[in-house]
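Single-letter residue listing:
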Amino acid sequence: MGKNRVVIGCQWGDEGKGKIVDLLAAEADIIARFQGGANAGHTVVAGGSKYILHLIPSGIIQPGKLCYIGNGVVLDPAAFLEELAFLQAKGVDHRGRLFVSPAANLVLPYHKLVDVVEERARGTESLGTTMRGIGPAYVDKVARHGIRVADLFVPDRLKARLDYQRRLKAKYLEGSTDERADLDRIYRDLLEFAEIIRPMVVDVSYELMRAHRDGKAILYEGAQGSMLDIDLGTYPFATSSNTTTGGVLTGLGVGPRMIDEVIGVVKAYTTRVGAGPFPTELVDAAGERIRTLGDEYGATTGRPRRCGWLDLVALRHTVRINGVDAIAVTKLDVLDEFDEVKICVAYELGGARLEQVPLDLAALNQVKPVYRSLPGWKSDCTGITRFDGLPGLAREYLNFIAADLGVSICLVSTGAKREETIMVRN
Ligand code: IMP
């Protein structure tokens with residue numbers, strides 16, 4: 001029986017999940033996305049090529065793997081088509097390997113328009129969304145007037161739903177000359193899209209259960225990070241989906257016994273894009289150095305990421321809410337040159353020491369990090385493939401993290417390429 005694993009980001013996204021999913025996909029038969037949409041940016045470097053995927057599971061790059069997009073994902077037809085074309089140009093044949101749930105909600109051009117207008121309206125309180133229409137699409141889903149993949153195949157129903165949107169979103173759409181507000185055009189485009197996606201539409205929950213019964217291994221690919229979870233993250237500075245393990249169950253329609261292991265991806269330091277609390281953020285030369293060395297610019301939006309030291313308090317929270325069994329530590333090599341590396345072991349707030357993330361955002365905004373300073377290893381870790389080949393001080397850094405979190409380390413990434421990896425379990 002294959003092992004079903006969840007790969008989840010333990011910080012604010014951009015932990016390097018793409019590479020980890022790509023590596024673990026080699027041991028899986030199926031890769032499934034359960035939440036989020038084209039706001040994600042999963043970078044995989046394989047066979048001398050760089051792939052950035054937003055919506056389609058990263059596993060598609062590996063020949064023969066089956067990929068599923070679950071009902072919890074919000075599917076943007078335009079982004080989907082673009083990605084299919086990108087894969088085709090790269091020589092990746094997706095035919096017969098890519099499947100989509102009929103219950104997935106669509107992200108339509110007007111959602112992106114609403115995203116932009118709402119972000120503007122928030123003024124200084126803006127969230128810094130990716131402008132991919134994610135929030136507005138999930139709003140429609142939860143309000144129960146979303147348009148789902150299944151609606152594409154019933155033109156009258158599709159038309160009626162779009163007409164309802166016209167009335168609902170009149171304040172955004174009426175009189176707008178923006179082409180994203182043109183619902184007649186959207187309708188025509190969707191009818192065309194229906195024929196492209198039709199052969200890919202299957203009951204994802206049922207297919208995964210059958211595959212599981214047949215002994216196949218499933219990899220559940222998370223997007224964004226746990227601190228961006230709509231329920232358990234730094235709300236309202238969050239994305240609009242459940243990015244955590246719970247999202248696997250609702251976003252694909254699988255039971256808890258179809259998860260054998262939860263792997264949390266932890267970048268060796270912390271980054272965040274968009275607004276919101278970030279206790280260990282460095283707004284000095286050290287932060288700039290991490291950004292440069294780590295090439296910390298958004299894969300989806302190109303925005304410079306905010307950078308800071310590792311935050312163990314946030315990681316304790318995300319290890320707990322996900323039930324993380326083991327962590328995969330990425331981008332360790334980015335810290336190679338530092339004289340000292342710091343780890344935030346607690347927060348300080350009004351003279352009190354906090355070991356856990358305070359649930360009130362106002363409090364989290366005010367906390368000061370309490371650091372433990374460790375000496376830097378000052379030697380090049382790039383490409384090291386054995387744990388005992390790492391400098392002693394780098395091992396100390398990793399062991400300190402694992403001991404605090406009470407988890408094992410299953411993998412350490414020492415570069416962008418597949419082979420620049422320490423598979424600790426081997
Ligand atoms: P949205 O998901 O576009 O609504 O953006 C909400 C917040 O989540 C913003 O702070 C984004 O920068 C952040 N976000 C969304 N997707 C990602 C991602 O894949 N990586 C990192 N941050 C993300």
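Structure's up top.
About the thresholds
Residues numbered from 1 in each chain as written. Predicted model: local features only at pLDDT ≥ 70, side-chain atom pairs only at ≥ 80, totals over all residues. Heavy atoms only, no water. Helix = DSSP H or I, 4+ residues; strand = E, 2+ residues; numbered from the N terminus. Pairing = 2+ DSSP bridges. Axes fitted to C-alpha atoms, helices over the stretch in contact; angles between N-to-C directions. Contact = heavy atoms within 4.5 Å. Near = heavy atom within 4 Å. Polar contact = N/O pair within 3.5 Å; in protein donor to acceptor, adjacent residues only side chain to side chain. Areas by Shrake-Rupley, 256 points an atom, 1.4 Å probe, with all protein chains shown as cover. Nonpolar A, V, L, I, M, F, W, Y, C, P; charged D, E, K, R; others polar. Buried < 20%, exposed > 50% of the residue type's maximum accessible area, 1.4 Å probe, protein only. Phe/Tyr/Trp six-rings, centres within 6.5 Å; stacked < 30°, edge-to-face > 60°. Lys NZ or Arg CZ within 6 Å of the ring centre and 35° of its normal. Parallel < 35°, antiparallel > 145°, perpendicular 65-115°, else oblique. Left-handed = near helix turned anticlockwise from the far one by under 90°. Expected span 1.5 Å × (residues − 1).

Notes on the environment of valine 117
So, point 1. Of note, valine 117 is situated in helix H3 (residues 109–122).
So, point 2. Spatially, the C-alpha atom of valine 117 lies 8.0 Å from that of tyrosine 172, the residues being 55 residues apart in sequence.

A closer look at the sheet that holds strand E7 (residues 98–100)
So, point 1. Taken together, the nine strands give an open sheet; going across it, the order is E7-E5-E2-E9-E1-E10-E14-E18-E19, and neighbouring strands pair in mixed fashion. Across the chains shown, the open sheet's two edge strands, defined by having one partner strand only, are E7 and strand E19 (421–423). For this sheet, the mean inter-axis angle between neighbouring strands, taken without regard to orientation, is 20°.
So, point 2. By the bridge criterion, four bridges tie strand E2 (residues 30–33) to strand E9 (residues 218–221) in an arrangement that is parallel. The residue of E9 that forms the bridge with isoleucine 31 is leucine 219.
So, point 3. Seen against the sheet, helix H1 (residues 17–25) touches strand E1 (5–9), E2, E9, strand E10 (261–267), strand E14 (326–330), strand E18 (408–413) and E19 and runs at an angle of roughly 170° to E1.

A few points about the site of the ligand
So, point 1. Lining the immediate environment of the ligand, one finds 17 residues, of which Asn39, Thr130, Thr239, Val273 and Arg303 sit closest.
So, point 2. Side-chain polar atom of aspartate 14 to a nitrogen atom of the ligand: 3.2 Å apart, as the coordinates give it.
So, point 3. Within the backbone of valine 273, an N or O atom sits 3.1 Å from an oxygen atom of the ligand.
So, point 4. Protein coverage of the free-state accessible area of the ligand, which is 470 Å², stands at 96%.
So, point 5. Of the residues that constitute the shell around the ligand, the class distribution is six nonpolar, nine polar and two charged.

Notes on the pairing of E18
So, point 1. Of all six residues making up E18, five are buried, and the element is well covered by its neighbours.
So, point 2. With four bridges connecting them, E14 and E18 associate as parallel partners. Bridging from a neighbouring strand, isoleucine 327 pairs with isoleucine 409 of E18.
So, point 3. Bridging between E18 and E19 involves three bridges; their strand directions are antiparallel. Note that in E19 the partner of serine 413 across the bridge is threonine 421.

A few points about H1
So, point 1. Among the nine residues that make up H1, nine are buried, leaving the element largely enclosed by the rest of the structure.
So, point 2. Considered for burial, the residues of H1 that qualify are Lys17, Gly18, Lys19, Ile20, Val21, Asp22, Leu23, Leu24 and Ala25.

Comments concerning the packing of aromatic side chains
So, point 1. Scanning the model with the defined rule gives six aromatic pairs in all.
So, point 2. Ring geometry for tryptophan 12 against phenylalanine 278: centres 5.6 Å apart, planes inclined by 45°, an arrangement best described as tilted. Taken together, the residues tryptophan 12 in the loop between E1 and H1 and phenylalanine 278 in the loop between strand E11 (270–272) and helix H10 (285–293) connect sequence positions 266 residues apart. Pair check on accessibility: tryptophan 12 and phenylalanine 278 agree, each one buried.
So, point 3. With a centroid separation of 6.1 Å and 90° between ring planes, the pair formed by phenylalanine 80 and phenylalanine 193 is classed as edge-to-face. Of this pair, phenylalanine 80 sits in helix H2 (residues 77–89) while phenylalanine 193 sits in helix H7 (residues 183–197); the two residues are 113 residues apart in sequence, bridging distant segments of the chain. Each of the two residues, phenylalanine 80 as well as phenylalanine 193, counts as buried.
So, point 4. One residue, lysine 90, lies across the ring of tyrosine 51, its end atom 5.2 Å from the ring centre.
So, point 5. Positioned above the aromatic ring of tyrosine 187 is the side chain of lysine 159, whose terminal nitrogen or guanidinium carbon lies 5.8 Å from the ring centre.

Description of the packing of helix H11 (residues 312–322) against helix H13 (residues 392–405)
So, point 1. Where H11 contacts H13, the two axes come as close as 10 Å, and the packing angle between them is 50°. As summarised for this structure, H11 and H13 are arranged oblique, according to the angle between their axes. You can see that H11 and H13 cross each other, and the crossing is right-handed. When H11 is examined against H13, the residues Leu312, Leu315, Arg316 and Val319 are found in contact with a partner set consisting of Phe400, Ile401, Asp404 and Leu405.
So, point 2. Counted by class, the contact of H11 with H13 contains six nonpolar, no polar and two charged residues.

Points about the environment of arginine 386
So, point 1. The topology assignment puts arginine 386 in the loop between strand E17 (368–375) and H13.
So, point 2. Residue classification places arginine 386 among the exposed residues on the basis of a relative accessible area of 53%.
So, point 3. Along the primary structure arginine 386 and leucine 349 are separated by 37 residues, whereas in three dimensions their C-alpha atoms are 40 Å apart.
So, point 4. Engagement of the side chain of arginine 386 in a polar contact is seen with the side chain of aspartate 388, the distance being 2.9 Å.

Quick word on H3
So, point 1. Its 14 residues place the ends of H3 20 Å apart at the C-alpha level, agreeing with the 20 Å of an ideal helix rising 1.5 Å per residue.
So, point 2. Among all positions in H3, only Tyr110, His111, Lys112, Leu113, Val114, Asp115, Val116 and Glu119 are buried.
So, point 3. Lining the buried residues of H3 we find H2, strand E8 (105–106), helix H4 (134–142), helix H5 (155–168), helix H6 (170–173) and H7.
So, point 4. Phi turns positive, to about 55°, at glycine 123, one or two residues after H3.

A few points about the side chain of serine 241
So, point 1. Note on placement: serine 241 falls in the loop between E9 and helix H9 (245–252).
So, point 2. Here the side chain of serine 241 touches glutamine 35 through a polar contact of 3.0 Å, side chain to side chain.
So, point 3. Those residues in contact with serine 241, other than ones at most four positions away along the chain, are Gln35, Gly36, Tyr138, Gln224, Leu228, Asp229 and Ile230.

What about the packing of H2 against H7?
In helix packing, the relevant descriptors are the interaxial angle and the interaxial distance, both defined with respect to the helix axes.
So, point 1. One can describe the packing of H2 onto H7 by two numbers: an axis separation of 11 Å at closest approach and a directional angle of 45°. Our classification of the angle between H2 and H7 gives oblique. The crossing of H2 and H7 is left-handed. In this structure, H2 contributes Pro77, Phe80 and Leu81 to the contact, and H7 contributes Leu190, Phe193, Ile196 and Ile197.
So, point 2. Partitioned by chemical class, the residues of the contact of H2 with H7 number seven nonpolar, no polar and no charged.

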